[in-house]
Structure formats: C-alpha cells, structure tokens
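Listed below are the residues making up each chain.
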Protein chains: 2
Amino acid sequence: MIGRLNHVAIAVPDLQTAADQYRHTLGAEVSDPLTLPEHGVTTIFIKLPNTSIELLEPLGENSPIAGFLTKNPAGGVHHICYEVEDIHAAVERIAADGYRVLNRTPKMGAHGKPVVFMHPKDFSGTLVELEQA
Amino acid sequence: MIGRLNHVAIAVPDLQTAADQYRHTLGAEVSDPLTLPEHGVTTIFIKLPNTSIELLEPLGENSPIAGFLTKNPAGGVHHICYEVEDIHAAVERIAADGYRVLNRTPKMGAHGKPVVFMHPKDFSGTLVELEQA
C-alpha cells in the first residue's frame, strides 16, 4: 500500500538558521521560504536525490506545530509522509485494522494533494502522514 | 555534500508489533529481524521504493536506544541518515563550521560502512547520521 517516502518534516525554531546549515554546511539544494498561512507554517524544502526534507517554522498564533516546539524547543522530526495510490482505500484499511486516523476525511495538504494523518500513539510514537500520490 | 536519504530510523518498544503493522496494514515490504549485538539493537528494514525505514528495538543491557525509549515509551523517530561521498571531508566541514560531531573518527555502521553522528542540539534537535555512500 505505501509507496515512496515523500518527505521527512522537521520542526525548527528558526527557519533561516536551519536552512543556512543545510545549504552551506551540508551542501544541499535549499528552496526559498514558502509561507502557508492555511497550514500555519512557513516551510523550506531541502531537495535530496531521492526524497525531500521539509523544514517547518510556526506561522501565526494557531500553528499546528507550536505545541511540538514548546515540548521540543530545539526542534525535531515532526512527521514523516508516505505516498499512497488511493487515500480513501488507505483510510478504510487502517481503520478496519483498529488504528486511528486523525482526519478520516482527507484534507488538502501543503502540496495540493489530499492527506490524512494517523494517530502517533497507534504508530510507534511517530506522526505519519499519508499523501495521495 | 549530502546525497540520498539512506534511511529513517524509528525506535519501537515492540519490534514485531511495529513490523506487523507495516507489513499487514501498510502493505510494505518488511525484512526479517536482524540482531546486531555490536550495535545494541535488533532491526527490521521496511523497503520503500526510494529509501528505507529501519525499525529499532533495544538489544542487551547497554543499548544506545534504551534512553530514548525511556523518554519516549511509545517510540518515535530516533535518527535520520544521509549519505555522503567522503565522510572524512564531511566531518572536517561540519567541525570547521562550529558544529559538533559526536564521533570525529567514523565508526562502522549497521550497513558495514563508516558513519558519524552529529550532535542533535546543533541540528534542529534531530539526530543526524552521515554514512559513507
């Protein structure tokens, strides 16, 4: 069912510092910042040959990553995202196996594709996003 | 400098439960468990089309992931691993920029290749492994 690892999202307290580190020290290809007010984050993409890293900085007062950064002030891996061919079939399968999907109705993700998030307590303490491929 | 994302490592309290979930619910290709006494872990590889997920369970009394699981009993992303072409050049560059490398002399990693780990406090709260490609 799951396909490619679409991205690893890392929440960071300071986007520019993290981006500079990836660009200059680690020599990676780093995008310009992209503000996503509807998602409550500003993001910078690190393009690797086989996948992407997404650096996330809170944007606005109700950012969904604000709580994470309160608990982890230095930052940390916020979620990982797998691609699936049929997101509705994926949700049905996961729910049928007794695991919790945080939003049973897919919502529009940061890449303009439908996404769901699974409950981290049901998936080894890891917040997993599924994105329609 | 950094190339492919070699793997994402997830520490889990129960390897078989996590592996079953990836195999049956998420429909992924899952390896048999591999005990690595010299690394203090038992690992199962989840093979994705573009990278791997490594599930890690503590092995023995001095497992390097035991402390992580004490802090995160449900599990969680333990580290991410980037490939580099020249690990010695990578260490020099990172140190020259003032960031801490936990083991300046590369050690043999779980894949039989030299690896170093960078200090998570210097890298957005994320434990980053570099592996010689």
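Before reading on, note that the structure itself is shown above.
Residues numbered from 1 in each chain as written. Chains lettered and ligands numbered in written order. Predicted model: local features only at pLDDT ≥ 70, side-chain atom pairs only at ≥ 80, totals over all residues. Heavy atoms only, no water.

Trainee: Explain the overall build of chain A to me, please; I cannot follow it from the model alone.
Mentor: Assigned secondary structure in chain A consists of 3 helices and 9 strands. Each helix and strand of chain A, ordered N terminal to C terminal, gives the series β-α-β-β-β-β-α-β-α-β-β-β. Computed over C-alpha atoms, the radius of gyration of chain A comes to 15 Å, within 12% of the 14 Å expected from 2.2 N^0.38 for 133 residues, which places it in the range of a compact globule. Across its three principal directions, the C-alpha atoms of chain A cover 45 × 30 × 25 Å. A burial count over chain A gives 52% of its 133 residues as buried. Within chain A, counting contacts between residues at least 6 apart in sequence, those at least 24 apart form 51% of the total. (Helix = DSSP H or I, 4+ residues; strand = E, 2+ residues; numbered from the N terminus. Rg over C-alpha atoms; globule rule 2.2 N^0.38 Å. Buried < 20%, exposed > 50% of the residue type's maximum accessible area, 1.4 Å probe, protein only. Contact = heavy atoms within 4.5 Å.)

Trainee: I would appreciate a short explanation of unusual backbone geometry in the present structure.
Mentor: Leaving glycine out, the prevailing phi sign among residues is negative, and the prevailing peptide bond configuration is trans. Residues and elements named next belong to chain A. Of note in this structure, Ser-124 is not a glycine but carries a positive phi near 50°. Following the sequence through the fold, Ser-124 ends up in the loop between strand 8 (114-118) and strand 9 (128-132). Residue class for Ser-124 comes out buried when judged on its relative accessible area of 14%.

Trainee: What should I look at first to understand the interface of chain A and chain B in this one?
Mentor: Where interface size is given, it is often the accessible area lost as the parts come together that is meant. Listed by partner, the interface residues are 38 residues for chain A and 38 residues for chain B. Regarding the contact of chain A and chain B, the summed buried area is about 3200 Å², with carbon and sulfur atoms giving 60% of it. At the boundary of chain A and chain B, one finds 0 salt bridges. In this assembly, chain A and chain B are joined by 21 residue pairs in polar contact (both at pLDDT 80 or more). Mapped by element, the contributors of at least two residues to the side of chain A that touches chain B are strand 1 (2-11), helix 1 (15-25), strand 6 (76-84) and helix 3 (87-96) of chain A. (Buried area = accessible area lost by both parts, 1.4 Å probe. Salt bridge = Lys/Arg side-chain N within 4 Å of Asp/Glu carboxyl O. Polar contact = N/O pair within 3.5 Å; in protein donor to acceptor, adjacent residues only side chain to side chain.)

Trainee: I'm lost on the pattern of salt bridges in this one. Help?
Mentor: Any two side chains of opposite charge can pair, given that their charged atoms come close. Evaluated as defined, the whole model comprises 8 salt bridges over all chains. Linking Asp-122 of chain A and Arg-100 of chain A is a salt bridge whose minimum nitrogen-to-oxygen distance equals 2.8 Å. In this pair, Asp-122 of chain A sits in the loop between strand 8 and strand 9 while Arg-100 of chain A sits in the loop between helix 3 and strand 7 (107-108), placing the two residues 22 residues apart along the sequence. The class of Asp-122 of chain A is buried, set by a relative accessible area of 15%. Judged by relative accessible area, which is 42%, Arg-100 of chain A ranks as partly exposed. Among the salt bridges present, the one from Asp-20 of chain B reaches Arg-23 of chain B, with a minimum N-O distance of 3.5 Å. Taken together, the positions of Asp-20 of chain B and Arg-23 of chain B, both in helix 1 (residues 15-25) and 3 residues apart, correspond to about one turn of that helix.

Trainee: What exactly am I supposed to notice about the relation of the copies chain A and chain B here?
Mentor: Superposition of the two copies of the chain requires a rotation about an axis and a shift along the axis. Overlay of chain A on chain B (RMSD 0.0 Å): rotation 180°, translation along the axis 0.0 Å. The superposition operator between the copies reduces to a two-fold rotation axis. The C-alpha atom lying nearest the rotation axis in chain A is that of Asn-50 of chain A; the distance is 2.9 Å. (Least-squares fit on C-alpha atoms with pLDDT ≥ 70 in both.)

Trainee: How do you make sense of the side chain of His-7 of chain A when you look at a structure like this?
Mentor: All names here are of chain A. Topologically, His-7 is positioned in strand 1. Side-chain polar atoms of His-7 contact the side chain of His-79, separated by 3.2 Å. Sequence-distant contacts of His-7, that is, excluding residues within four places in its chain, are made with Thr-51, Ser-52, Glu-54, His-79, Ile-80, Cys-81, His-111 and Glu-129.

Trainee: Sorry if this is basic, but what is going on with the nonpolar core here?
Mentor: General note: in soluble globular proteins, nonpolar side chains tend to be found buried as a group. One finds Leu-55 and Ile-80 of chain A together with Leu-55 and Ile-80 of chain B to be the most contacted residues of the largest nonpolar core, which totals 62 residues. The residues contacting Leu-55 of chain A, other than those within four sequence positions of it, are Ile-10, Val-12, Leu-15, Ala-18, Ala-19, Tyr-22, Thr-42, Thr-43, Ile-44 and Ile-46 of chain A. (Core = buried A, V, L, I, M, F, W, Y, C linked by side-chain atoms within 4.5 Å.)

Trainee: Just to check I follow, could you spell out the side chain of Glu-131 of chain B for this structure?
Mentor: All names here are of chain B. With respect to the helices and strands, Glu-131 occurs in strand 9 (residues 128-132). Among buried charged residues, Glu-131 stands out as having no salt bridge; its nearest opposite-charge side chain is Lys-113, 4.7 Å away. Once residues lying within four places of it in the same chain are set aside, the contact partners of Glu-131 are Asn-6, Cys-81, Tyr-82, Glu-83, Val-84, Ile-87, His-111, Lys-113, Pro-114 and Val-115. (Lys, Arg positive; Asp, Glu negative; His and termini not counted.)

Trainee: What am I meant to see in the pairing of strand 8 of chain A here?
Mentor: Two faces belong to every sheet, and in a regular strand the side chains alternate between them. Residues and elements named next belong to chain A. Taking burial as the measure, the 5 residues of strand 8 include 4 buried ones, the bulk of the element. Across 2 bridges, strand 7 lies against strand 8 in antiparallel orientation. Paired with Lys-107 across the bridge in strand 8 is Val-115. As consecutive antiparallel partners, strand 7 and strand 8 are separated by 5 residues, and within that stretch Gly-112 has a phi angle of approximately 75°, a positive value. Where strand 8 lies against strand 9, 4 bridges are found, and the strand directions are antiparallel. (Pairing = 2+ DSSP bridges.)

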